[in-house]
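# Survey of secondary and tertiary structure
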Amino acid sequence: MNNYEILSKANIAPQVTRFEIYVPKIARKRQAGQFVIIRTWEGGERIPLTIADANPEKGTITLISQSVGKTTFELANMQVGQCLKDIAGPLGTPTHIEKLGTVVCIGGGVGTAPLYPITEAMKKAGNHIITILGARSKDLFILEKEMRNVSDEMIIATDDGSYGEKGFVTTALQKLIDDGRQIDQVIAIGPTIMMKMISLLTRDYNIPTVVSLNTIMIDGTGMCGGCRISINGAIKFVCVDGPEFDGHQVNWDEMLKRMGTYKKHECVALNQYKKHRYEVEVA
Amino acid sequence: MKTKERLQIPPVGMQQQAASERIHNQNEVPLGFTPEEARLEALRCLQCKNVPCIAGCPVGIDIPSFIGFIAEGNFQGAILKIKEKNVLPAVCGRVCPQEEQCQLPCTVGKILKTTEKSVSIGTLERFAADWERNSGSVSKPKIASKTGKRVAIVGGGPAGLTVAGDLIKLGHEVTVFEALHKAGGVLVYGIPEFRLPKKIVKNEVENLQSLGVEFKYNYVIGKIESIDELFQEYDSIFIGTGAGLPRFMGIEGENLLGVYSANEYLTRANLMRAFDFPNADTPILNVSRVATIGGGNVAMDSARTALRLGAEHSLIIYRRSEVEMPARNEEIEHAKDEGVEFHLLVNPIRIIGNEEGWVTGMEVIKMELGEPDASGRRRPVPIPGSEFIVDVDAVIVAIGNSPNPLVAKVTPELKVNRWGGIIVDEETGETSIKGVYAGGDIVLGAATVILAMGEGRRAAKAMHEYMMNEKTD
């Protein structure tokens, strides 16, 4: 087996692909909360992907990628037996795992992928885990079974009510709070807007809230500063100071804007790639 | 040839790509000497007995000897002489600040009363290195018999590559652990193509590989392996992890869309080839008015890169005057020729953005020079009431970096100063951990390629002695 080789690949939701990749050193070293930087080809960009799981005996890590831009579409089109160009990691500061009591783990869409190893570690540390998973509709859930295995209670929420309770993850969390449940910590990972809404809610109740941020990065090793955000007014770097932060201290509006810096470029690159794929397939 | 005759030869200027042309391409600006030009320039060297130039070279190249060879037309002899002391001559010939080093004490310059008329040692070094590379047969230095000792080098930048070159020649096994996907450090992510073609760096790395140096890419030491773990396989370790997190000014608006650190801007353009987007995948903003804050070489590189990426106006905003600028004169001149607009004695107060968070301007204040500060340069003082707004749509902050935090963060026994720089013994480069050495920007903060190489050379010597005296258990 070659380093960075794709050993298995599965489509686990629309536009969401799970890869098992051979990279034994990272498989042995990685801890919950850490990520890798990958490239698909020689002219490729460096993108961060959270490590969803690892199998140290087999020497593999699991990456889950949602196809949204050129690189993630290209990754989804890679086949078993092919090798990624580069994988660097494990990067970022691992999650602080501690027995706190009751921990509510909230996953939105593909954010459930990075949430899973953290939930697993929190469960192992002896916490009572209440998991809330949310998505627009039923077919968009990932890792539901895995999350059930490491949770004491499980709440499912869909925007359209096609599965579980109708409503957002914030609705489900609000209900737990209203029911008077003791909550010692919330861990929320998902779309930036979801993490913002959760953080605004928990701030009112003084519930400590950890979020995991997925900003734009280049080197990912503390050199370029592209991933910077404002934490309580001070500049912090997601790649080395994070990716996890106190959700109550993040300047969410600034982060949301920064995430869109290259929107136009991303469209150009994706359209060119799709056109190229189409031409290849027609030929 | 008599001294008088030598002094009468006018300095041979190096041909350059015209400014109007070069701002539209990434090609190198100075074109180097032809063999005839090199021999003529070499004849200007007086072959001084007291060799002041060698004292000015951080790696101690035998400058009069190699120039003597060039004058004779023995270019092979010249490059071999240089390589006795310098593992990266094609790089140093281009990016060393020779006017502050070997060319500063040059007797020719002294007699002719200006460093500008010193022998062009750097250009001659570059010529010899380019001649060898273009000849297709690169001479391999002699490698001592195997010592059985193994060396780990953390970081494949100028310091690390120098240590690798020196220690492989002494018979040690050498592995370079590089965090990025390419070796060269600042030579590949920072210094632009038009100042240092990347094929030259690649070539230098391949030369080291052909001598037996092993390169491991995507290897982030401090994350994938600790210093302790490296010691299980290696006898001595060199840390040359270089520049780390960029510094910002702490003013309003620094996280607006369109504000870059110079590290990010240059990494996108150079390492990630964003100038070739969308053929390469990494984007960079194409904007028409770019302000670069700072007065060093990195600021010049950023401002000149902005022009090549299509900016109509590229501004340098510097709070002192041109005399205090840390950039090389050559770089300042190149930037001016290309149309970079210098706004001196001006300091940013805040960056202004629109509703969507995009940069639209920058408020600045005029400065005047006061008393000298700790650096010996006159301290800039704001002139009250002189604020004004500059229209820009991107800002590049080029005011320096702190040392890379990764290794020190997970190695508590490694002593660092309050800026995060690794503390080393000045004679040997040894850190607070026995057998672990460090050099380059991780020790110096932001310095130059050749100073990093000088530190690498010093550490390599000490590492060799350490390993050869080490008791085998």
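Residues numbered from 1 in each chain as written. Chains lettered and ligands numbered in written order. Predicted model: local features only at pLDDT ≥ 70, side-chain atom pairs only at ≥ 80, totals over all residues. Heavy atoms only, no water.

Take the overall build of chain A next. Within chain A, the regular secondary structure consists of 9 helices and 15 strands. Computed over the C-alpha atoms, the radius of gyration of chain A is 19 Å, within 12% of the 19 Å expected from 2.2 N^0.38 for a compact globule of 283 residues. Counting the 283 residues in chain A, one finds 58% classified as buried. Put simply, 65% of the contacts in chain A that link residues at least 6 apart link residues at least 24 apart. (Helix = DSSP H or I, 4+ residues; strand = E, 2+ residues; numbered from the N terminus. Rg over C-alpha atoms; globule rule 2.2 N^0.38 Å. Buried < 20%, exposed > 50% of the residue type's maximum accessible area, 1.4 Å probe, protein only. Contact = heavy atoms within 4.5 Å.)

Let us now look at the packing of aromatic side chains. Residue and element names in this part refer to chain B. Taken as a whole, this structure holds 8 aromatic pairs over all chains when the rule is applied. Residues Phe-177 and Tyr-234 carry aromatic rings whose centres are separated by 5.8 Å and whose planes lie at 85° to one another, so their mutual orientation is edge-to-face. One end of the pair, Phe-177, is in strand E2 (residues 173–177); the other, Tyr-234, is in the loop between helix H13 (227–231) and strand E4 (236–239), with 57 residues separating them in the sequence. Across the pair, exposure class does not vary: Phe-177 and Tyr-234 are buried alike. Three or more aromatic residues joined by ring pairs form one cluster here, namely Phe-75, Phe-127 and Trp-131. (Phe/Tyr/Trp six-rings, centres within 6.5 Å; stacked < 30°, edge-to-face > 60°.)

To continue, consider the sheet that holds strand E4 (residues 47–55) of chain A. Residues and elements named next belong to chain A. Spatially, E1-E2-E5-E4-E3-E6 is the arrangement adopted by the 6 strands of the open sheet, whose pairing is antiparallel. For this open sheet the edge positions go to strand E1 (5–13) and strand E6 (86–91), each flanked by a neighbour on one side alone. Across this sheet, the average inter-strand angle for adjacent strands is 30°, counted without regard to direction. Contacting E4 and strand E5 (60–66), helix H3 (residues 112–124) runs over the sheet at an angle of about 40° to E4. (Pairing = 2+ DSSP bridges. Axes fitted to C-alpha atoms, helices over the stretch in contact; angles between N-to-C directions.)

All names here are of chain B. Structurally, chain B comprises domain 1 (3–135), domain 2 (150–244 + 402–469) and domain 3 (248–399). Contacts between the two partners involve 14 residues from domain 1 and, on the opposite side, 10 residues from domain 3. Around 1,000 Å² of area is buried between domain 1 and domain 3 when both sides are counted, 44% of it from carbon and sulfur atoms. Ranking the residues of domain 1 by area buried against domain 3 places Arg-22, Ile-23 and Gln-26 at the top, with a combined share of 49%. Across the salt bridge formed by Glu-99 and Arg-328, the nearest N and O atoms sit 3.0 Å from each other. (Domains from an automatic or database assignment. Buried area = accessible area lost by both parts, 1.4 Å probe. Salt bridge = Lys/Arg side-chain N within 4 Å of Asp/Glu carboxyl O.)

Quick look at the interface of chain A and chain B now. On the side of chain B, 48 residues touch chain A, which itself brings 47 residues to the contact. Interface area, chain A with chain B, both sides summed: about 3,900 Å², of which 57% is carbon and sulfur. Between the two partners, chain A and chain B, sit 3 salt bridges. Notably, a salt bridge pairs B:Glu225 with A:Lys25, separated by 2.6 Å at the nearest N-O pair. The tally of links between chain A and chain B comes to 25 residue pairs in polar contact (both at pLDDT 80 or more). Among the secondary structure elements, those contributing two or more residues to the side of chain A that touches chain B are helix H1 (24–29), helix H2 (70–76), E6, strand E13 (228–231), strand E14 (234–237), helix H8 (252–259) and helix H9 (263–282) of chain A. Per element, the largest residue contribution to the side of chain A that touches chain B is 6 residues, and it comes from E6(A). When its residues are assigned to classes, the side of chain A that touches chain B shows 18 nonpolar, 15 polar and 14 charged. (Polar contact = N/O pair within 3.5 Å; in protein donor to acceptor, adjacent residues only side chain to side chain. Nonpolar A, V, L, I, M, F, W, Y, C, P; charged D, E, K, R; others polar.)

Let's shift gears to the sheet that holds strand E9 (residues 341–344) of chain B. Residue and element names in this part refer to chain B. Taken together, 5 strands build an open sheet; the order of strands is E6-E14-E7-E8-E9 and the sheet is parallel. The sheet is open, and its two edges are formed by strand E6 (259–261) and E9, each paired on a single side. For this sheet, the mean inter-axis angle between neighbouring strands, taken without regard to orientation, is 20°. Pairing of strand E7 (residues 289–293) with strand E14 (residues 394–397) involves 4 bridges; the strand directions are parallel. Note on E14: the bridge partner recorded for Ala-291 is Val-395. Helix-sheet contacts for helix H14 (residues 262–269) involve E6 and E14, and the interaxial angle to E6 is about 85°.

Let us look at empty space enclosed by the protein. Throughout the structure, instances matching the rule amount to 4 cavities of 30 Å³ or more. In terms of lining, the largest cavity is formed by 19 residues, of which the most central are A:Ile216, A:Gly226, A:Arg258, A:Thr261 and B:Glu264. Mapped by element, the contributors of at least two residues to the lining of the largest cavity are E13 and H8 of chain A together with E6 and H14 of chain B. Among the elements that line the lining of the largest cavity, the one with the most residues is H8(A), at 3 residues. Within the lining of the largest cavity, the residues separate by chemical class into 11 nonpolar, 4 polar and 4 charged. (1 Å grid on protein atoms, 1.4 Å probe; cavity = no way out; pocket = protein on both sides within 12 Å on 5 of 7 lines; lining within 4 Å. Points joined across faces, edges and corners; volume = space filled by probe spheres on them.)

To continue, consider H9(A). Residues and elements named next belong to chain A. With 20 residues, H9 extends 28 Å from end C-alpha to end C-alpha; this agrees with the ideal 28 Å at 1.5 Å per step. Among the residues of H9, His-265, Ala-269, Leu-270 and Tyr-273 are the ones counted as buried. Seen end-on, H9 carries its buried residues on one side only, within an arc spanning 125°. Across H9 from its buried face, at more than 90 degrees, point the exposed residues Lys-263, Lys-264, Asn-271, Lys-275, Tyr-278 and Val-282. (Expected span 1.5 Å × (residues − 1). Arc of directions from axis to C-beta.)

Right, let's talk about a nonpolar patch on the surface for a bit. Residues and elements named next belong to chain A. On the surface, a cluster of nonpolar side chains totalling about 310 Å² of accessible area is made up of Ile-193, Met-197, Leu-200 and Leu-256. With 3 residues, helix H6 (residues 192–204) is the largest single contributor of residues to the nonpolar patch. By the secondary structure assignment, Leu-256 is in helix H8. Take Leu-256: its relative accessible area is 32%, and that puts it in the partly exposed class. (Patch = residues over 30% accessible without salt bridge, like charges linked within 9 Å, V, L, I, M, F, W, Y side chains within 5 Å. Areas by Shrake-Rupley, 256 points an atom, 1.4 Å probe, with all protein chains shown as cover.)

Let's shift gears to the packing of helix H15 (residues 297–308) of chain B against helix H16 (residues 329–337) of chain B. Residues and elements named next belong to chain B. Interaxial distance between H15 and H16 falls to 10 Å at its minimum, and their mutual angle equals 20°. In terms of orientation, H15 lies roughly parallel with respect to H16. Remark: the crossing between H15 and H16 carries left-handed chirality. For the pair H15 and H16, the contacting residues are Asn-297, Met-300 and Arg-304 in the first and Glu-331, Ile-332, His-334 and Ala-335 in the second. Tallied by class, residues from the contact of H15 with H16 come to 3 nonpolar, 2 polar and 2 charged. (Parallel < 35°, antiparallel > 145°, perpendicular 65-115°, else oblique. Left-handed = near helix turned anticlockwise from the far one by under 90°.)

What follows concerns unusual backbone geometry. Note the cis peptide between A:Gly89 and A:Pro90, where omega equals -5°. Secondary-structure assignment places A:Pro90 in strand E6. In this structure, B:Pro278 follows B:Phe277 across a cis peptide bond, with omega equal to 5°. One can find B:Pro278 in the loop between H14 and E7. The residue A:Leu143 is not glycine, and still its phi comes out positive at about 55°. Structurally, A:Leu143 can be placed in the loop between strand E8 (128–135) and helix H4 (144–149). For B:Asn218, which is not a glycine, the phi torsion comes out positive at approximately 55°.

What follows covers the domain arrangement of chain A. Residue and element names in this part refer to chain A. As assigned here, chain A comprises domain 1 (5–91) and domain 2 (102–258). The C-alpha centroid of domain 2 is placed 21 Å from the C-alpha centroid of domain 1. Taken together, the contact pairs 19 residues of domain 1 with 23 residues of domain 2. Each partner contributes to the roughly 1,600 Å² buried at the junction of domain 1 and domain 2, and carbon and sulfur atoms together form 66% of this total. Where domain 1 touches domain 2, the interface holds 1 salt bridge. The partner of Glu-146 in a salt bridge is Arg-18, with the nearest N and O atoms 3.9 Å apart. For the interface between domain 1 and domain 2, the tally reads 2 residue pairs in polar contact (both at pLDDT 80 or more). Secondary-structure elements contributing two or more residues to the side of domain 1 that touches domain 2 are E1, strand E2 (16–22), strand E3 (35–39), E4 and E5. At 5 residues, the largest contribution of residues to the side of domain 1 that touches domain 2 is made by E4. Its residues assigned to classes, the side of domain 1 that touches domain 2 comprises 12 nonpolar, 3 polar and 4 charged.

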